[in-house]
Protein chains: 2
Amino acid sequence: MSSDVRAADAAFSAERTLVAGIDIGGTKIAVLVTGEDGAVLARGVVPAPAQEGGIAMADAAADLTRDLVAQVSGRLRAAGVGAAGVVDPDAGIILAASAMFTDWVGFGLAAALTERLGVPVAVENDVNAFLLGEVAAGAGHGSDVLGVMLGTGVGGALLLDGVLRHGPNGAAGEIGHTPGYSDLVCTCGQIGHLETLASGTSIALRYAERSGATGLGAADVAELARGGDLDAIAVFHAAGRAVALACASAATLVDLDVAVIGGGVSHAWDLLEPAITATLRTDAPVSGAPLRIIPAALGSDAVALGAAAAARSRS
Amino acid sequence: MSSDVRAADAAFSAERTLVAGIDIGGTKIAVLVTGEDGAVLARGVVPAPAQEGGIAMADAAADLTRDLVAQVSGRLRAAGVGAAGVVDPDAGIILAASAMFTDWVGFGLAAALTERLGVPVAVENDVNAFLLGEVAAGAGHGSDVLGVMLGTGVGGALLLDGVLRHGPNGAAGEIGHTPGYSDLVCTCGQIGHLETLASGTSIALRYAERSGATGLGAADVAELARGGDLDAIAVFHAAGRAVALACASAATLVDLDVAVIGGGVSHAWDLLEPAITATLRTDAPVSGAPLRIIPAALGSDAVALGAAAAARSRS
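What you see is a predicted model, and the numbers here were worked out from it, not measured in a lab.

Undergrad: Quick question: what am I supposed to make of the overall build of chain A here?
TA: Across its full length, chain A carries ten helices and twelve strands. In terms of overall dimensions, chain A is globule-like: its C-alpha atoms have a radius of gyration of 21 Å, near the 20 Å expected for 315 residues. Taken over the C-alpha atoms alone, chain A extends approximately 75 × 45 × 40 Å along its principal axes. Looking at chain A as a whole, 54% of its 315 residues qualify as buried. Long-range pairs, those at least 24 residues apart, make up 64% of the contacts in chain A with a sequence separation of at least 6.

Undergrad: Would you mind going over the packing of helix α4 (residues 126–137) of chain A against helix α10 (residues 302–314) of chain A with me for this structure?
TA: A pair of packed helices is captured by two measures, namely the crossing angle of their axes and the spacing between those axes. Residue and element names in this part refer to chain A. Running from N to C, α4 and α10 cross one another at 80 degrees; their axes reach a closest spacing of 6 Å. Taken together, the axes of α4 and α10 are roughly perpendicular relative to one another. On the side of α4, the interface is formed by Asp126, Ala129, Phe130, Leu131, Leu132, Gly133, Glu134, Ala136 and Ala137, while α10 contributes Ala302, Val303, Leu305, Gly306, Ala307, Ala309 and Ala310. Split by residue class, the contact of α4 with α10 holds twelve nonpolar, two polar and two charged.

Undergrad: Looking at this model, I keep getting lost on the interface of chain A and chain B. Mind explaining?
TA: As a measure of interface size, the accessible area lost when the parts come together is often cited. Taken together, the 39 residues of chain A in the interface contact 39 residues of chain B. Listed by contribution, the elements that provide at least two residues to the side of chain A that touches chain B are α8 (230–254) and α9 (269–283) of chain A. Broken down by element, the side of chain A that touches chain B gets its largest block of residues, seven residues, from α8 of chain A. Split by residue class, the side of chain A that touches chain B holds 18 nonpolar, 15 polar and six charged.

Undergrad: I keep staring at the environment of Arg77 of chain A and nothing clicks. Help me out?
TA: Residues and elements named next belong to chain A. When you line up the elements, Arg77 lands in strand β4 (residues 75–83). Under the C-beta neighbour-count criterion, Arg77 is labelled partly exposed, with 17 such atoms within 10 Å. As for Arg77 and Ala259, which are separated by 182 residues in sequence, their C-alpha atoms are 32 Å apart.

Undergrad: How should I be thinking about the environment of Phe101 of chain B in this particular structure?
TA: All names here are of chain B. Structurally, the position occupied by Phe101 is in the loop between β6 (93–96) and α3 (109–117). Its 24 C-beta neighbours within 10 Å are what place Phe101 among the buried residues. When the C-alpha positions of Phe101 and Leu245 are compared, they lie 33 Å apart, and in sequence the two are 144 residues distant. In this view, Phe101 contacts Gly26, Ala50 and Gly85; residues no more than four positions away in its chain are not counted.

Undergrad: I would appreciate a short explanation of the relation of the copies chain A and chain B in the present structure.
TA: Relating one copy of the chain to the other takes a rotation about an axis and a shift parallel to that axis. With an RMSD of 0.0 Å, chain A superimposes on chain B once it is rotated by 180 degrees and translated 0.0 Å along the axis. The superposition of one copy onto the other is thereby described by a two-fold rotation axis. A share of 100% of the interface residues of chain A reappears at the interface of chain B, consistent with the copies meeting face to face through the same patch.

Undergrad: Explanation requested: the sheet that holds strand β11 (residues 258–262) of chain A in the structure shown.
TA: Strand pairing in a sheet is mediated by backbone hydrogen bonds. Such pairs are either parallel or antiparallel. Ordered by their spatial adjacency, five strands build an open sheet running β10-β9-β8-β11-β12 (chain A), and the pairing between neighbours is mixed. This sheet does not close on itself; its edge strands, each paired only once, are β10 (163–164) and β12 (292–295) of chain A.

Conventions and cut-offs
In every chain, residue numbers begin from 1 and rise along the written sequence. Chain labels run from A onward and ligand labels from 1 onward, assigned in the order the entries are written. For this predicted model, a pLDDT threshold of at least 70 governs which residues receive local features, and a threshold of 80 or more governs which side-chain atom pairs are given and counted, while totals over whole chains, interfaces and linings are taken from all residues. Comment: elements are numbered from the N terminus, with helices defined as DSSP H or I runs of at least four residues and strands as E runs of at least two. Our radius of gyration looks at C-alpha atoms and nothing else; its globule reference is 2.2 Å times the residue count to the power 0.38. Remark: C-beta atoms are placed from the backbone, and a residue is labelled buried if 20 or more other C-beta atoms sit within 10 Å of its own, exposed if 12 or fewer do, or partly exposed between those counts. Distance between backbone-placed C-beta atoms decides contact: two residues are in contact if it is within 7 Å. Structural elements are reduced to axes, namely lines fitted to C-alpha atoms, with helices fitted over the stretch in contact, and the angle between N-to-C directions of any two is expressed from 0 to 180 degrees. Should an angle fall under 35 degrees it is called roughly parallel, over 145 degrees roughly antiparallel, and 65 to 115 degrees roughly perpendicular, with every other angle called oblique. Put simply, Ala, Val, Leu, Ile, Met, Phe, Trp, Tyr, Cys and Pro go in the nonpolar bin, Asp, Glu, Lys and Arg in the charged bin, and everything else, Gly too, in the polar bin. Here the copies are superposed with least squares, the fitted atoms being C-alpha atoms of residues at a pLDDT of at least 70 in both. When DSSP finds at least two bridges between two strands, those strands are taken to pair.

What follows is the structure, given as structure tokens:
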């Protein structure tokens, strides 16, 4: 071996390797470039061209990722994506998504990004990625953890024995559509699902029904509750109680100690927490370890950090 | 090798090997001796000396097993136990049990039976064994199945990816203590658990509350319902609806297609089924595969057959 080759080898082995975490939603694409230790070295966000189709989405995500990698010294070795919709994580394909996405169902996201970035790409559902992020770097430590996202809808994810549960139909974790919490019609058309009480959309609807005041969002209702509005307080109480019952049921069924609650509605933790605590005290089972229901810690970075963690563990 | 040794080898290899399945409850011990194909070759039952302690229980189970093995030609190579109570399946130890058992908690059941029978012994909780039995030879085919036992209490078991879920605290499957189904106090002291509506004890209690008639058991209430008693019909309707909601919640959370319902109350399937079907139609989620909730097929053999299946898969 010549001394030139040895020198090149030494330079190559000293080069820092990077892992990108990509959060693809309906309105924006956020990318974090991380080191092998998970530290965030660069970050960026661009609008998501969701109506332009999968190719445009992959182009936008790959362009942003390449720009960020160019800002830090190092070589990208893998990327992970947390994508809205139902995902086949083995094939890296989108199986189902909301109507706000064009040409997204059936899109081979992993292959498209691998082609553009030249590295292996892991694809997960965004709620699964949120949970992986919180477990890796946020609030939810342990190998058996439930993740719940209270956003426009209510999503869920389940880590069992340290592995994300996908299920035989790829449908595991859908805690938002567990039934028995109300007599209200859910967005899916069925009755009484958790989502009828605990999503941001439902909090706004339930407040409008009680108060007659329309046009307010969940954040507005939270402000009213903090100001003492009894209808707004009641709506958050019902949401918190339903979340606690759903988490306690899940914990009782699969045996887990921690549920991490994220999404926009979780920012009103001060309004949810009293009902969660009261419900756990009276309704949760006494067998097994006591369930802790805690707010997410990573904010909007959780999905991208979890996607990077998925990429790191798969490559 | 001499021809004598060859002949002995041939005789040995031709000898049939047997696996015993042992169902240890609070009132009786039932044993099935099975072939490698799971066919039942001999069966027996003796009273359980539950008040005399673990040693007496192990003696009774081992004596019955040896008697049954002696009735059929073959060599016992393994045994499995389905035992009432919380079990550590790796250590083969009873972790918790009802007050009807003396010196049972902490008892090394697997070691005691291995010492007496001279073969490896697998120990499972009886509801887990019930589910393994139904999956191996009964109603619940598949690798992701929920088992629910509606007996004196309500027990549950969860098969995920073909493996029984035990959970980090050994407490998985306790669907009887999932909350949110009523405002009634459960046997555990907490509020609203599935068991408050769906156990045999609760069916008797709820009927007494509605009708004022006391001293009737769940089977009596079932007969009254079949005769048109509206209070009795309502009590079974409430039980069926709660079971369906609990199964649908479990299926939505972990993604599974089949729930198998066993135990004494499941013999009133004609009374439970209308509410189960109606509830699945209106309340169960529409995502994933449609959930089937079906009655157990093996009757009282399920626990012993599942215990034998556990022994076969572990040895």
